[in-house]
Number of protein chains: 2
Amino acid sequence: MGIQERKTRHKEDLRRRILEAAKKLFLTAGYEATSIRKIAKEIEFSPTTIYLYYKDKSDIIYALHQEGFQLLRQNFQPLMQVESPFERLKALGRCYIKFAFEHPDFYELMFVMKDPMEHLEINCVEASWEDGERVFDFLLRTVRDGQDQGYFKGLDATHVAMEAWASVHGMCALYVSGHLRSMMHVVFGDEDQERMIESAFRVLVHYLESTK
Amino acid sequence: MGIQERKTRHKEDLRRRILEAAKKLFLTAGYEATSIRKIAKEIEFSPTTIYLYYKDKSDIIYALHQEGFQLLRQNFQPLMQVESPFERLKALGRCYIKFAFEHPDFYELMFVMKDPMEHLEINCVEASWEDGERVFDFLLRTVRDGQDQGYFKGLDATHVAMEAWASVHGMCALYVSGHLRSMMHVVFGDEDQERMIESAFRVLVHYLESTK
DNA sequence: TTTAAAAAGTTAACACTGTTCACTATTTTT
DNA sequence: AAAAATAGTGAACAGTGTTAACTTTTTAAA
């Protein structure tokens, strides 16, 4: 059925256009500005039309969340080829931080905002956060590879991975939320945020390195 | 002028009552449910009356943010007496995590949400986040005390403190946002969130300890 | 004590938000 | 050509923060 196919494609097309419009608004004007009505205006359709393609707003937000993970995985792609587990682990951390600095809105959507997680719990039967799991799994495997080389002796790989993730996420979260910025002037010296995080990350690497 | 004084007190009284109502709504029904109109209904005043005592909503949110820090400092109080710097550091971390688990809404308001930081940048000339600085300063002093005892050799105290804060904040942020929860079933074993964080924290302590 | 001024509080409205229901075109199938 | 399914819309509901104009209450002065 060629016609049916074309129709389906057309439908998928508008679904994509809605998401693209949402993405544009999200990246240029932020989360607050990404309203159903503004998305509708952007694609020149009625607000109610959106609901023919997405269940509700959180459905769109979640789709954007998934787009962010696609982008993050693209950034991770080259790291797969780094043979030294420890070098790979370091590169992974640096790449993660770089992503947060380059795409703070996406980072917030992916790792800070509650909405996508709530959407997951409500709409998905298995309630499994596949995107997050895939990223954590990459980290976990890298830690295990590191253990084969004598790193993290006597430590549980899951706990090491968790601690590393929390550590790097903490830095990124404090950056994207503006908490780090609000402390820079007074508490820290004249270092800027990026340098501060770089320094903190080096401390983490020092810890990891000294487990060998 | 006793009358003037009484008037001022009465005015301060209503200001307090507004904040108490906001706090009640915030803690029982969450941030979303804390609207100007609902606060007004709670204290049985018109919504516009609120604006006679607080500039806008973010002003109330910020006041609540400050209340949270008061509570956190109360929790920290007993730790001041711990003489061993390293033990104090460990207790500080545990206390911080405990606070996040016991008051997740406050934690989010204090360390995750952007609104209070934006309020700070807009309304305060010096734009200094005093509450955050005081907490970080306590951490920093503890790290420096630790250095006097031979810990963190060759490392900058500020960077060590930053890394430690980021690490613990990362755990708490992943908890309060629900990201940790969404990963528990599949990736980690049958451990629950609190145990997972406890384990990750122990890894951090292990790192810190091995710098001596 | 009456009157003018200042303070406190309210009503109605504006411009938004997500979402739903009833309706109208358009297209496809019978 | 008629019936049925699909696609899209307008109006409305119940909320949100916020402001301007108005009323009531309280205070201060004549």
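Nothing here was measured: the structure is a model prediction, and the numbers come from that model.

1. Description of the pattern of salt bridges
Part 1: Going through the model one piece at a time under the given rule, you end up with 28 salt bridges over all chains.
Part 2: Residue A:E67 is joined to A:R16 by a salt bridge in which the shortest nitrogen-to-oxygen separation is 2.7 Å. Pair noted here: A:E67 is in helix 4 (residues 57-76) and A:R16 is in helix 1 (residues 2-29), with a separation of 51 residues, a long-range link.
Part 3: The partner of B:R181 in a salt bridge is A:E121, with the nearest N and O atoms 2.9 Å apart. Of this pair, B:R181 sits in helix 10 (residues 181-184) while A:E121 sits in helix 7 (residues 115-123), on two different chains.
Part 4: Through salt bridges that share partners, A:R16, A:E20, A:K23 and A:E67 make up one connected network.

2. Focus: the domain arrangement of chain A
Residue and element names in this part refer to chain A.
Part 1: As far as domains go, chain A holds domain 1 (1-54) and domain 2 (60-209).
Part 2: Centre-to-centre, using C-alpha coordinates, domain 1 lies 30 Å away from domain 2.
Part 3: Facing 12 residues of domain 1, the contacting portion of domain 2 comprises 10 residues.
Part 4: The tally of links from domain 1 across to domain 2 stands at two salt bridges.
Part 5: E67 is the partner of K23 in a salt bridge, and the nearest nitrogen-oxygen pair spans 2.8 Å.
Part 6: Our count for the domain 1 to domain 2 interface comes out at three residue pairs in polar contact (both at pLDDT 80 or more).

3. Side note on the interface of chain A and chain B
Part 1: In this complex, chain A contributes 51 residues to the contact, which on the side of chain B involves 51 residues.
Part 2: Looking only at chain A, the three residues that lose the most surface to chain B are A:E163, A:H179 and A:Y207, adding up to 15% of its buried area.
Part 3: Our count for the contact surface shared by chain A and chain B stands at four salt bridges.
Part 4: Residue B:E108 pairs with A:K114 through a salt bridge whose shortest N-O separation is 3.1 Å.
Part 5: Our count for the chain A to chain B interface comes out at 10 residue pairs in polar contact (both at pLDDT 80 or more).
Part 6: Breaking the side of chain A that touches chain B down by element, the ones donating at least two residues are helix 6 (104-112), helix 7, helix 8 (130-148), helix 9 (157-176), helix 10 (181-184) and helix 11 (193-209) of chain A.

Calculation notes
- Residues numbered from 1 in each chain as written.
- Chains lettered and ligands numbered in written order.
- Predicted model: local features only at pLDDT ≥ 70, side-chain atom pairs only at ≥ 80, totals over all residues.
- Heavy atoms only, no water.
- Salt bridge = Lys/Arg side-chain N within 4 Å of Asp/Glu carboxyl O.
- Helix = DSSP H or I, 4+ residues; strand = E, 2+ residues; numbered from the N terminus.
- Domains from an automatic or database assignment.
- Contact = heavy atoms within 4.5 Å.
- Polar contact = N/O pair within 3.5 Å; in protein donor to acceptor, adjacent residues only side chain to side chain.
- Buried area = accessible area lost by both parts, 1.4 Å probe.

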